[in-house]
Structures are given as structure tokens and as C-alpha cells.
Amino acid sequence: MLKNYIKIAWRNLWKNKGYSAINIGGLAIGLACFLLIAIFIANELSYDNYHEKGDNIYRVIHHRDADDPNDTWVWGNAPVGAALKSDFPEVIEKVQFSGRSDILLNYETVSFQESECFYADASVFGVFSWPLIYGDAKTALEAPYSIVLTETTAKKYFGNQNPVGKTLEGIGGRAADGTYTVTGVMRDVPQNSHFKFDVLMSMSSFYQSRPGIFEVWGYVDFYTYLLVSNNFDQKILESKIPAFLDRHVDPETRENYFYSFSLEPLKRAYLYSKADRQPGVTGSLNNLYIFAIIGVFILVIASINFMNLATARSLERAKEVGVRKVIGANRKGLISQFFGESIVLVLLAALFGLLFVFVALPWIGNLTGKEFNLRTIFTPSMLLLYFGAAILTAFLSGSYPAIVLSGFKPASVLKGIFKTSQQGVNLRKGLVIFQFSLSIALIASTVVVYHQLGFMLNKDLGFDRERQLILDFNWDGEVLNNVETIKSEFLNLPDITSISLSRTVPGSHFPAAGTDIETFEGEMKNFSPYIYEVDRDFIPHYNMEMVAGRAFSKDFPTDSIAALVVNEAAVKEFGYSDPHQIIGKRFQQWGREGAIIGVVKDFNYLSLHQKVAPLTLRQVPYGRYLSLKVKSDNYYTTIEAVQQKWAELASHRPFLYTFLDTSFNEQYVADIRFKNLFTVFSFLAIFIACLGLLGLATYSAMQRTKEIGIRKVLGAGITNIVTLLSKDFVKLVCIAILIATPFSWYAMSEWLSEYAYKIDVQWWVFALSGIMALTIALLTVSFHAIKSANANPVKSLRTE
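Described below are features of the structure shown in this document.

Rules used in this analysis
Residues numbered from 1 in each chain as written. Predicted model: local features only at pLDDT ≥ 70, side-chain atom pairs only at ≥ 80, totals over all residues. Heavy atoms only, no water. Buried < 20%, exposed > 50% of the residue type's maximum accessible area, 1.4 Å probe, protein only. Helix = DSSP H or I, 4+ residues; strand = E, 2+ residues; numbered from the N terminus. Arc of directions from axis to C-beta. Contact = heavy atoms within 4.5 Å. Salt bridge = Lys/Arg side-chain N within 4 Å of Asp/Glu carboxyl O. Phe/Tyr/Trp six-rings, centres within 6.5 Å; stacked < 30°, edge-to-face > 60°. Lys NZ or Arg CZ within 6 Å of the ring centre and 35° of its normal.

**Examining helix α5 (residues 151-158)**
Working note: α-helix, 3.6 residues per turn, so residues spaced by three or four point in the same direction.
Then step 1. Listed in full, the buried residues belonging to α5 are T153, A154, Y157 and F158. Buried residues of α5, viewed axially, fall in a sector of 110 degrees; they line one side.
Then step 2. Contacts from the buried residues of α5 go to β5 (101-107), β6 (110-120), β8 (146-150), β9 (167-172), β10 (178-186) and β11 (199-202).

Structure, rendered in C-alpha cells:
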């Protein structure tokens, strides 16, 4: 029976090559898109699944505001880890990492500044599945000044040799300077890990350099992970947190500083966590839902093409059905035959779809920043999903044509009085409307995504980010000792107009600081605003606007010891309605007391996903970055001049630079990838819809060949014929526009709600989408309409 289905399917396929190509091509692209999206989603869902003990690993989420449950950090204090292990027997082990550190590592003549470095407890390799190539996992990070490198990092310094026992000279800002002994080399951290690094150093090294912070509950510098027993109950432990904090945190600290915490399973860290200060990039569950919907949309559009073309061609197969019924075929057998043909055609399309995936997978990997390979496809679950979707598509898209074709009455068909039912015509129209409604919704959504990303990349952030050359010297002591000389030398360069020293720059890392502020009532109240430590040139250098008071100035020497500048968000947080009211109010912050001297206009120092949070700025003589304002358009020459001057002034340091606009926009890498992926799949969905429309237009023109010939003989021009063949399709697209507009408006409004700063969805988006859809439809239909209009009417009138 299968052999007969294949024979019949192949005969019909070859007989109608044009329609078959459209059908198989549309289904192949649709199935390929479905599989590519499934692979992407599966990859996102696989994060941290490779850990053998992953189901038993949790991490501590720190809560900073009693009134805002969403104000949470993954980054927190050190004492919580040891205290949890001590108090709760179900906590088997704790692993803590220090906040990301940068360290300059030197081996003989090889020198690199490593930015993905963490101090880690010795227990790390017993909890996480990060296997060592060289070294003993149990003892690798026990001794002070021990260091474990990833395989790629080790090759930079030692090539392919075993480096265990060799030493690296480490010079760091936050990291502990000293001679580090290589005690292990581990496999590179898998790409589906929420926590990525290149270097691990023993936590005992960090402890020796800064022992006091390991006992302070208010100090923030650690990521804490817990390995728990199989009978662990998260809710039970979290219910004991208040009593736990009462035992371990002194009453004065609890009174002046709100602190609590909760636990989060490791496998929820990448997609589900809403906490700030993540150790790596995080994914978006909402984006996965969007791509899953697009995958289904594409498959539905391809299936609709199949159904439309199959039912539209029913007249061609009517005589075949009539003859087969006369010679004894029953309806059940005919339904089985047509279902069988559908399955054969869809499976053929599925094979072509796999070829499409093989070709597109590396490109999709580059587009998403992920690593995909053929092993990703050839897994039992992925193949089952793919061919299951193919067979389901065959049954769903082949069901209506099979029922319609098998229901033809042989007497009517063989007498030649059979005609397409109005019910079938209305169904095809409905399917075209549905198909283009999805396509128009995707066009509108693509326009919104592009508009939002353009808004984020070009919005005025409240500071000058253009032509800012940032030099990273990582707190180097020699540079700081000579920083005024270095600044003067750089200012002597003709293309440098200003320079500033700071601990951080917009878009980079910054801490929060427990701060006591004098309230409107005259009392001191504790807050935890973010902090920028800068020199007195920082505010004018970045062209920030002061809305009250003044900026730091050399005319006020005490600014470096007793002054604070705050932003507008901090003014509101501190309880003041007018920025001028806070000028002169007292503050206490990190051992410094004094008065607030100015209020700077809010500027977006974080991505536009987040609202501007309360920020304090204070003048200090130290930092990590030098910001140089460049006036020349010849960046290459300027960078070369700055590099030469750097070699003269700080030859012991590598020349590390970036431009601020580039580094700031790196926060939007995930958004850009989402836009690119969304655009690609939206385009393919629209392309598949157009394939179906092309097929229907071609068939419509063929059915009306004689009518077109008669009209041309009677004097109709090409414009009249094109209008005749196009108007029905244009009506359907116009109806689709009306249906798609409210749907896409709601969907994109929900998507935009994730952004703190966003565009308004304007009416022109839907007008543009409608015009684009109409244009695409007209071009598609007009192709065959013009061809039919130009045909010789004599030949048309001879057509049966």
C-alpha cells in the first residue's frame, strides 16, 4: 500500500511540478524553521543541566529592600554561607566565589590581563561538574595563592604542556598581588553555563589580603552556592530565615540595614532569575515563548499553503476520483490514499528541511552567539519532535483535502457538471486571511522591535558617550602614583580635549554603599544607593547637567573629604520633592562625613531595561579608568598617539582601551541577537505565505484563462486584467490587516513592558505593516496576473 501511495504521490508531484515545488518548498522551510527554533529553545533550557549534582545545588539571593521584593542581588555577603552550613544539616556544602576580579598575569615574556577571574572555595570541584585535565580536584584550591586555569587560558601562557607547579606573577586591583602556583587545568566552562570564567584562585588568597570582610554581613562581594541533601525542602528552610538572621546578625546592624535572603535552584538561574549582579549573562523566558509562537506560526502558515493548494486543485483530480469510484473504490480507501499522499509529500519536505537546517545551523549559531552542531540535531528527542511535527502537519493539512476529494459524486464529475463549492472557496479565503493576519502581525512586530532597539541605541542618556576613549589600568599602583602627570601628558596631545579618572564608567561595574542621609525632619536615615567614585573633572568631562548646587571644584579643597553629589532619583529616594532642598544636608558614607553639595540630572548609567536608580558621586584620588575625550575623527592616529604616550608613562602595563559607546552598547547584545533572529524567522514566515499566495494566484489565473481571453478580445487592457485577478486577494489582505492590528498591538505592548524606557506603539507601525503586506501581496499576485494578461487570447480561447 505504501508503495502505491509513493507511486501516486510521485506521479502527481511530477505532473504538477510548479505546485509541488511551492508545496514542498514551503513545508520544507516551515519545518526547518520549526526545528531551528526548537534547537535554540532546547539549548536555552539546557543551561546548567550538565552538573551531576545540579538538582541539589541552590544559590543565595540577597534582598535589599523590605518594601520592594524585586530589589534582589545574587552578589552578597560572606558570612551567610558558613552560617547556613553550620545551622542546617541539610546543607552539605557551601561554595563561595568572590565578585569578578581582574588580574594581570605574567609568565616569562607572556602577559595578559584576565578579566573573567574569581576567587573560589576549595570545595568548588566537589560541587560543580568542572573536570580537571591536570591537578587534584580535591586540593587544587586549598593553599593560598593557588590558581586553576581553563584549558584555553592555560594554552595562552604554557602552550600544550602540563603547567601544574609553574608560577604566574599576579598584579591585580581588587585581586591579591603575588606569585600564584598553577595547581590545575580544567576543561573550558561549557557554553550552556550561567557562570563563566577563565581563572579560579583560592579563596584563602583573598582572605589573607582582606580578612575583615569575611565577617561583615553588610559587605557585598560574594556569590554563595549550597549543595543540599536529597530530603531538602526549600520552603521549610526559608521559613526559618528570620530566626537565622536574629541569631547571626547583631541587632544594631539589623535595625539600621535591611537584609534578608531567599534560595534559588541552580537550574532556574539562567532563565528565571530576576536578581541583579549576575555572574554571567541571563536568558529571557518571554523571548523563548515568542520564538515558540513564531515556530508554530511558520508551521501553520506552511500547512495552510498545503491545504489551500490541495483544495484549489480539486477540479483537476475530480475525474480521477470519479473513475476510481466507478471501478469500485470506496470513500474510506480514497481518504487513506490522499492521507498517504500527504504523508509522503510532507516527509519528502521534511528531508529537504533537514538539508536546510544543516546549511543554516552554523549561521544561526553566529546570529545567536551559541554553539550548535549536528549532535544537537541527532538526538532521539529532537528527531522525534521534528518528524512528529511533520506527521502531525501531514494529517492536519491533508485531512480537509482528503475529505473533500473523496466526497465527489462520480455521476456529476463524469458528466462535467462538477464545480467548486462555495464552502470550499470560503474556506480558502478564510485560510488566506488567517495566514496573512499572522504575517502582518509579524511584520508589525518586527518594525516595533527595530524601533525599540534603535531607540535604546540612540537615546540621549544624560551624558556624553561619544568619542570617549576609555583606558583600563586596573587600579595599578604605579599609574595611580603618577596619575596627575599622566593626565597632563595626555592633555598635551592635540586630539585630547579633557580627561577624567574614575572607579567606574557608565555601563561598567559599580558598588552600592550604606549611606546615612539627613532627612527633611533633621534625622539621619540609612539608605543603600549606588556609588560612583570619581575625580573632580568627571561631571564636566561627561557633560552632565547639574540641576541644583554645584559639582566638585578645585576651589573647594574639602570636596575630596566631606562632599557628596547625588542624582535626582536619590533626591526622591531620600524624601525630598525639590532638588534644592537637599543641598547642605548631612551624610555619612564609608567613613566619610560631610554635606551634599549638588544634584546631577538623572543619567542612564545602566541599560534602558532598568530605571535610573539612586546614585551618589564622591570625589576620590584613585580609580581604575581614565576617560579621554577625543576631538579628531581619525581614531587610528589618536589611538596610536595615546598608545605611544602610554608606553612612555606606564610601560609595565598593557595598553587596554575601548570606546565608551561600544562598551555601553554591549549591554544590548542579547537584544540585538533577539532582533536579528526575530527578523529572520519573520521574513521566512512572510516568504512562505507569499509562496502560497503565488500558488493560488497561478491556479486562479489558470482557471480563468478562457475568461481572460474573452475579455482581451472585447478590449480589456493589461491593467484591467491585473485588477481583475488581484482585487480579490487585495480584499483578503485588507481584512487580514484589520484582524492583525489589535493582536500585534497587544502582543508588542506586553513585550515592551520589560523595558523601563520604551517607545510608544504608534499607529504608523500598523499602517506601514499593512502597506508592506499589500505591496508584497500585489507583487506576488501581479507576477502571474501580468503573465496571463500578456498571453495570446487565441490560445486562451482554445483552452479547455
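Now that the structure has been shown, the text picks up again.
**Describing the pattern of salt bridges**
Charged atoms that come close allow side chains of opposite charge to pair.
Then step 1. With the rule as written, the count across this model stands at 23 salt bridges.
Then step 2. The partner of K645 in a salt bridge is E489, and the shortest N-O contact between them spans 3.3 Å. With K645 in helix α22 (residues 635-649) and E489 in helix α18 (residues 483-491), this residue pair connects regions lying 156 residues apart in the sequence.
Then step 3. Residue classification places K645 among the buried positions, given a relative accessible area of 16%.
Then step 4. The class of E489 is partly exposed, set by a relative accessible area of 26%.
Then step 5. Its salt-bridge partner being R503, residue E533 comes within 2.7 Å of it at the nearest N-O pair. Pair noted here: E533 is in strand β18 (residues 530-534) and R503 is in the loop between β15 (496-502) and β16 (515-518), with a separation of 30 residues, a long-range link. Across the pair, R503 and E533 agree in class, each one buried.
Then step 6. Among the charged side chains, a network of salt bridges with common partners joins E484, K487, D535 and D537.

**Remarks on the packing of aromatic side chains**
Then step 1. Evaluation of the coordinates by the stated rule reveals 56 aromatic pairs.
Then step 2. Summarising the aromatic geometry, the rings of Y47 and Y270 are spaced 3.5 Å apart at their centres and angled 5 degrees between planes, so their arrangement reads as stacked. Residue Y47 is found in the loop between α2 (17-45) and β1 (57-63), and its partner Y270 is found in the loop between β13 (260-265) and α10 (285-312); the two are separated by 223 residues along the sequence. Across this residue pair, the class does not change: Y47 and Y270 are buried.
Then step 3. Consider the rings of F463 and F664, whose centres lie 6.0 Å apart with planes at 70 degrees: the pair is edge-to-face. Here the residue F463 occupies a position in the loop between α16 (422-458) and β14 (468-472), and F664 occupies one in helix α23 (residues 660-665), the gap between them amounting to 201 residues.
Then step 4. The exposure class of F463 is buried, given its relative accessible area of 7%.
Then step 5. Feature note: the residues W73, W75, F463, F510, Y530, Y532, F538, Y542, F603, Y605, F664 and Y668 constitute an aromatic cluster, connected by ring pairs.
Then step 6. Across from the ring centre of F510, 4.6 Å away, lies the NZ or CZ of R277, which sits over that ring.
Then step 7. The aromatic ring of F556 is capped on one face by R550, whose charged end is 3.6 Å from the ring centroid.

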